[in-house]
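# Observations on chain architecture
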Number of protein chains: 2
Amino acid sequence: MAQLNWIRVSYLITTEENPQKLATEIAFEQTVEMPGHLISDPYILEKIVGQISEIQAEGENRYRVTVDYSPDILNGSLNQLMNLIFGNISLKKGIRLIDLTLPPDYLQKFTGPAYGVQGLRSRVGVWGRPLTCTALKPLGCSATDLARICFELSLGGIDIIKDDHNLGNQPRCSYQDRVRLCRQALLRAQEKSGRKTLYFTNINDSPQVMQQQIDYALELGVDGLLMQPVIIGLDYFRSIAENESYPFLLMAHPSLSGAFFTGSEGIAPQVLLGTIFRLAGADAVIFPDFSGRFSFDELTCQQISTNLLAPLGALSPSFPTPAGGITLSNLPRIREKYPEDTIFLIGASLYELGQDLRENVKRFLDQMLSYPLPAAAWATHSGE
Amino acid sequence: MAQLNWIRVSYLITTEENPQKLATEIAFEQTVEMPGHLISDPYILEKIVGQISEIQAEGENRYRVTVDYSPDILNGSLNQLMNLIFGNISLKKGIRLIDLTLPPDYLQKFTGPAYGVQGLRSRVGVWGRPLTCTALKPLGCSATDLARICFELSLGGIDIIKDDHNLGNQPRCSYQDRVRLCRQALLRAQEKSGRKTLYFTNINDSPQVMQQQIDYALELGVDGLLMQPVIIGLDYFRSIAENESYPFLLMAHPSLSGAFFTGSEGIAPQVLLGTIFRLAGADAVIFPDFSGRFSFDELTCQQISTNLLAPLGALSPSFPTPAGGITLSNLPRIREKYPEDTIFLIGASLYELGQDLRENVKRFLDQMLSYPLPAAAWATHSGE
């Protein structure tokens, strides 16, 4: 029975048996972890056990099953939410989580993106067009080399530079050297050009080391942090977003998330990278563009983009940041698919254009601005 | 070319093209994230980029590709290791991580299980037979009810009680009430029986709340913590294991890990739940037994068990803890497959035996002890 103000989760299930059976297993497995005949307390059966609100045939042996879960089970924690909606059943065959709808009361427990689309735009001072972003690379360069690259990219006019997400604390390039020298290089470039480039430094280590790195980034006035929510934990990511003493913009990287997207199981990308990463407080979410070397199709990219930008309680929208194979030649075709509030991330392809990085960025910008931006093919409306 | 003392990762790839192409993409994608022709520095090409050490045909369009990665790239962090061995390529099709071998020098960066098999046995005082474990449930009960269940289970003679992993801080049952009352009930039972039952309390929330809960568990003298490494983050889990001021035994729960095990992609269960959870410091690792309602086969369970117990640097072995569908009737058949150093976790099936939980546990123990334990069918040798 449908429950008002409960967390609503839809699964696409594949089963040769009566779908009611698997649906019931899901509802009990994810909550009380025992069969219903062992429970006599009506409070538990009605208020704790997941309630099946709909089962709809979707083709041969496939059904869309919607289960409502009480938000009272959760302590407002995203970690617990992940466990509730997909924890144990991730280990069962034939269950894919395809939709997640959160009730208004529960949404109020989330701060969401601390800055969001408008906050990020204010920090870089660019409105009325998509933003440009590239990755600082490759791993193995010295901090001095990386700082020089930052300087060139910034003078070319790039809006955002993010560390490659493999950059950590390496022999030739310590975290501290990299961040300090890159930050200094960007300040010098800004003095020269009058334009600001935002710098997102990669944070991925043990909790103790991450805290030291965050403290150092804070001391230096670094603009943003790049973090990998699936690896570091969603609630850890969120704790950084919700820390009011941090001025950091947060960019979420999809590293390791692909495990959820293969085959007919897992969690749909628009739910994990769209809704859930936004709940966790990402101001921008990187995802593999449909054009590129990864496996998302155009519809998936559209749905992620929509879930990041569409109204969601009082949460600010988050920047869709397609990446992973965008080139100067496919950019016009890609650009017209995304709304204006998009960050286009061109990584290796930007370096591939030639040795003059400053010139490469100019060509990237020219290519992006050379056509008037059409109304996006995908109708998304920013919730801000 | 094979690299001595590097991290060795084998992938099973599916491709219709020359496997060298995908292997090269993996080696570059996971390290420098740019094609080789853009890199001129021999240090980067030889010491940073992954080195393909072997490509072996495994059937039509399937190959086993082995890539060596330099441990210098990593700061000793498990989060970084996950990103290095599977981060971006999780988003590519046709790549499954099937084996992970860590060199001795790199292994020394890990403390591993703080107590391990022998430490856990010492705490409960049981040698020479597998251990028994059950889950405290269901969610929705009051703390008083759960404490009463603990008391009965302990008097029945159970070795270990772990919280159901949905138990958090809920309206009818706060974290503090549950842990305090259950701990008290178990101390009372111990006074009466002279036997100890270990209690593992579930910790899954935001970092701030988890810290409060851990502090409270410490204050009460709780024996162990149950945590979900895939959800809370491997390095977070590890930071608890390596904290020398914590006397907690750690039990790892596989919640959400199933996302990695579906189809022909992801990470093989014996690598993630075996090697990696042990590296993270789990003294016991729960995994779905082949008999049960989840999807592992017997070989997978054997491999997980082996990776938890076999020598691995100086790391203590970790208890294989099969669960998820073991019953009194299938226990003899299952028991003979696992080595003596196994914890058998019977959850709902134990409650299903009848209202008298004390009697149910006795039947569980009788069933487990009624046959002399054979030499395990799977040859595993404890590294301790």
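For every chain, the first residue of the written sequence is number 1, and numbering continues from 1 along that sequence. Here the convention is simple: chains get letters from A, ligands get numbers from 1, in the order in which they are written. It should be noted that, the model being predicted, local features are given only for residues of pLDDT at least 70 and side-chain atom pairs only at 80 or more, the latter also being counted only at that level, while totals for whole chains, interfaces and linings use all residues. The basis for every side-chain value is the complete set of non-hydrogen atoms in the structure, without hydrogens or water.

### Description of the pattern of salt bridges
Whenever a carboxyl oxygen of Asp or Glu lies within 4 Å of a side-chain nitrogen of Lys or Arg, that contact is scored as a salt bridge. Evaluation of the coordinates by the stated rule reveals 36 salt bridges over all chains. The shortest N-O distance in the salt bridge between Lys92(B) and Glu25(B) comes to 3.4 Å. Of the two residues, Lys92(B) is situated in the loop between helix 3 (78–87) and strand 4 (95–101) and Glu25(B) in helix 1 (residues 19–29); the sequence distance between them amounts to 67 residues. One connected set of salt bridges, linked through shared partners, spans Glu17(A), Lys21(A), Glu25(A) and Lys92(A). Helix numbers and strand numbers start at the N terminus; a helix is a DSSP run of H or I with at least 4 residues, a strand a run of E with at least 2.

### With respect to the nonpolar core
Tyr11(A), Ile85(A), Tyr11(B) and Ile85(B) are the most contacted members of the largest nonpolar core, which totals 236 residues. Once you skip the residues sitting within four places of it in the chain, Ile85(A) turns out to touch Val9(A), Tyr11(A), Gln30(A), Tyr69(A), Leu97(A), Leu100(A) and Ile276(A). Residues belong to one nonpolar core when they are buried, are Ala, Val, Leu, Ile, Met, Phe, Trp, Tyr or Cys, and are joined through side-chain atoms within 4.5 Å. Note on classification: 1.4 Å probe, protein chains only; a residue is buried when its accessible area is under 20% of the maximum for its type, exposed when over 50%, partly exposed between these limits. Residues count as neighbours in contact if any of their non-hydrogen atoms are within 4.5 Å of one another.

### As for the domain arrangement of chain A
Many descriptions give the size of an interface as the accessible area lost when the pieces come together. Residues and elements named next belong to chain A. Bear in mind that the domain bounds are from an automatic or database domain assignment. Entries for chain A in the domain assignment read domain 1 (7–107) and domain 2 (116–369). Taken together, the contacts link 19 residues of domain 1 with 23 residues of domain 2. Taken over both partners, the interface formed by domain 1 and domain 2 buries close to 1,600 Å², and the fraction arising from carbon and sulfur atoms is 63%. Considering only the side of domain 1, the residues that lose the most area to domain 2 are Leu 78, Arg 96 and Leu 107, jointly responsible for 39% of the buried surface there. For the interface between domain 1 and domain 2, the tally reads zero salt bridges. Whenever two N or O atoms come within 3.5 Å, that pair is a polar contact, provided that in protein one can donate a hydrogen and the other can accept it, and provided that, for residues adjacent in sequence, both atoms are side-chain atoms. Summed over the shared surface of domain 1 and domain 2, the result is eight residue pairs in polar contact (both at pLDDT 80 or more). Counting residues per element, the ones that place at least two in the side of domain 1 that touches domain 2 are helix 3 (78–86) and strand 4 (95–101). Taken together, the residues of the side of domain 1 that touches domain 2 break down into eleven nonpolar, four polar and four charged. Two parts placed together each lose some accessible area; with a 1.4 Å probe, that loss summed over both constitutes the buried area. Any residue outside Ala, Val, Leu, Ile, Met, Phe, Trp, Tyr, Cys, Pro, Asp, Glu, Lys and Arg is labelled polar, Gly included; the first ten of those are nonpolar and the last four are charged.

### A few points about the sheet that holds strand 1 (residues 7–14) of chain A
Residue and element names in this part refer to chain A. Two strands make a pair as long as DSSP finds a minimum of two bridges between them. Spatially, 2-3-1-4-10 is the arrangement adopted by the five strands of the open sheet, whose pairing is mixed. Both outer strands of the open sheet, strand 2 (51–57) and strand 10 (266–267), are each paired with one neighbouring strand and no more. Of the strand pairs in this sheet, strand 2 and strand 3 (residues 62–69) are connected by six bridges, and their pairing is antiparallel. The partner of Ile 52 across the bridge, within strand 3, is Val 67. Helix axes are fitted to C-alpha atoms over the stretch in contact, other axes to C-alpha atoms as well, and angles between N-to-C directions run from 0 to 180 degrees. Each of strand 1, strand 2, strand 3 and strand 4 is contacted by helix 1 (residues 19–29), which is oriented at about 145 degrees to strand 2, the strand it contacts most.

### Observations concerning the side chain of Ser70(A)
All names here are of chain A. Along the chain, the position of Ser 70 falls in the loop between strand 3 and helix 3. Overall, Ser 70 belongs to the buried group, its relative accessible area being 2%. Within the local environment of Ser 70, its side chain forms a polar contact with the backbone nitrogen of Asp 72, the two atoms lying 3.0 Å apart. Look past the residues within four positions of Ser 70 in its chain and what remains in contact with it is Trp 6 and Lys 47.

### With respect to the pairing of strand 12 (residues 319–323) of chain B
Residue and element names in this part refer to chain B. Among the five residues in strand 12, five count as buried, and that is most of the element. Covered by surrounding structure in strand 12 are Phe 319, Thr 321 and Ala 323 together with Pro 320 and Pro 322, the residues of both alternating faces. The sheet contact formed by strand 11 (residues 284–288) and strand 12 spans five bridges and is parallel. Its bridge partner lying in strand 12, Ile 286 is registered against Thr 321.

### Some remarks on the packing of aromatic side chains
Each aromatic ring pair is characterised by the separation of its centres together with the angle its planes make. Any two of the Phe, Tyr and Trp rings considered here, Trp counted by its six-membered ring, make a pair once their centres fall within 6.5 Å; the pair's planes then place it as stacked at under 30 degrees, edge-to-face at over 60, or tilted in between. Here the structure, examined in full by the defined rule, presents 13 aromatic pairs over all chains. Judged by centre distance (5.4 Å) and plane angle (65 degrees), the ring pair of Phe261(B) and Phe296(B) falls under edge-to-face. Residue Phe261(B) is located in the loop between strand 9 (249–252) and strand 10 (266–267), and its partner Phe296(B) is located in the loop between strand 11 and helix 12 (298–309); the two are separated by 35 residues in the primary sequence. In this pair, the class of Phe261(B) matches that of Phe296(B), namely buried. The ring of Tyr115(A) is capped by Arg123(A), whose NZ or CZ atom sits 5.1 Å from the centre of that ring. Any Lys NZ or Arg CZ found within 6 Å of a ring centre and within 35 degrees of that ring's normal is scored as a charge over the ring.

### Looking at the relation of the copies chain A and chain B
What relates the pair of chain copies is a rotation about an axis plus a shift along that axis. The least-squares superposition of copies is restricted to C-alpha atoms, and to residues with a pLDDT of at least 70 in both copies. Superposition record for chain A on chain B: RMSD 0.0 Å, screw rotation 180 degrees, translation along axis 0.0 Å. What the superposition gives is, in effect, a two-fold axis relating one chain to the other. For chain A, the minimum C-alpha distance to the rotation axis belongs to Gly233(A) and amounts to 2.3 Å. Here 100% of the contact residues of chain A are again contact residues in chain B; the copies associate through an equivalent surface.

### Remarks on the environment of Phe261(B)
Judged by its relative accessible area of 12%, Phe261(B) falls in the buried class. Phe261(B) sits eleven residues away from Leu272(B) along the chain, and the two C-alpha atoms are 9.5 Å apart. Sequence-distant contacts of Phe261(B), that is, excluding residues within four places in its chain, are made with Leu91(A), Arg96(B), Ile267(B), Ala268(B), Pro269(B), Leu272(B), Leu273(B) and Phe296(B).

### Focus on the sheet that holds strand 13 (residues 343–345) of chain A
Residues and elements named next belong to chain A. Taking strand neighbours across the sheet as the criterion, the eight strands line up as 12-11-9-8-7-6-5-13 in an open arrangement whose pairing is parallel. Two strands lie at the open edges of the sheet, namely strand 12 (319–323) and strand 13, each paired on one side alone. Each strand of the sheet is rotated relative to its neighbour by a mean of 25 degrees, with strand direction disregarded. Helix-sheet contacts for helix 5 (residues 116–124) involve strand 5 (131–136), strand 6 (160–163), strand 7 (198–202), strand 9 (249–252), strand 11 (284–288), strand 12 and strand 13, and the interaxial angle to strand 7 is about 115 degrees. Packed on one face of the sheet, helix 12 (residues 298–309) meets strand 11 and strand 12 and runs near 175 degrees to strand 11.

### Observations concerning the state of the cysteines
Here, a disulfide means two cysteine sulfur atoms that sit within 2.5 Å of each other. If you walk through the whole model with that rule in mind, you get zero disulfides over all chains. Free of any disulfide, Cys301(A) has its nearest neighbouring cysteine sulfur in Cys133(A), separated by 16 Å. Residue Cys141(B) stays outside any disulfide, its sulfur separated by 8.2 Å from that of Cys173(B), the closest cysteine. A relative accessible area of 12% means that Cys141(B) is categorised as buried.

### Focus: the side chain of Asp235(B)
With respect to the helices, strands and loops of the structure, Asp235(B) is situated in helix 10 (residues 234–241). Here Arg238(B) takes part through its side chain, which lies 3.4 Å from a polar atom of the side chain of Asp235(B). Filtering out sequence-adjacent residues up to four positions away, Asp235(B) remains in contact with Asp205(A), Ser206(A), Pro207(A), Ser77(B), Leu78(B) and Asn79(B).

### Some remarks on the interface of chain A and chain B
Between chain A and chain B, the contact holds 76 residues from the first and 76 residues from the second. Summed over both sides, the interface between chain A and chain B buries roughly 6,500 Å², with carbon and sulfur atoms accounting for 54% of that surface. A per-residue breakdown of the area chain A buries against chain B is headed by Glu33(A), Leu91(A) and Leu256(A), which together make up 11% of the total. Counting across the interface, chain A meets chain B through two salt bridges. Here Arg172(B) and Asp41(A) are joined by a salt bridge, their closest N and O atoms 2.9 Å apart.

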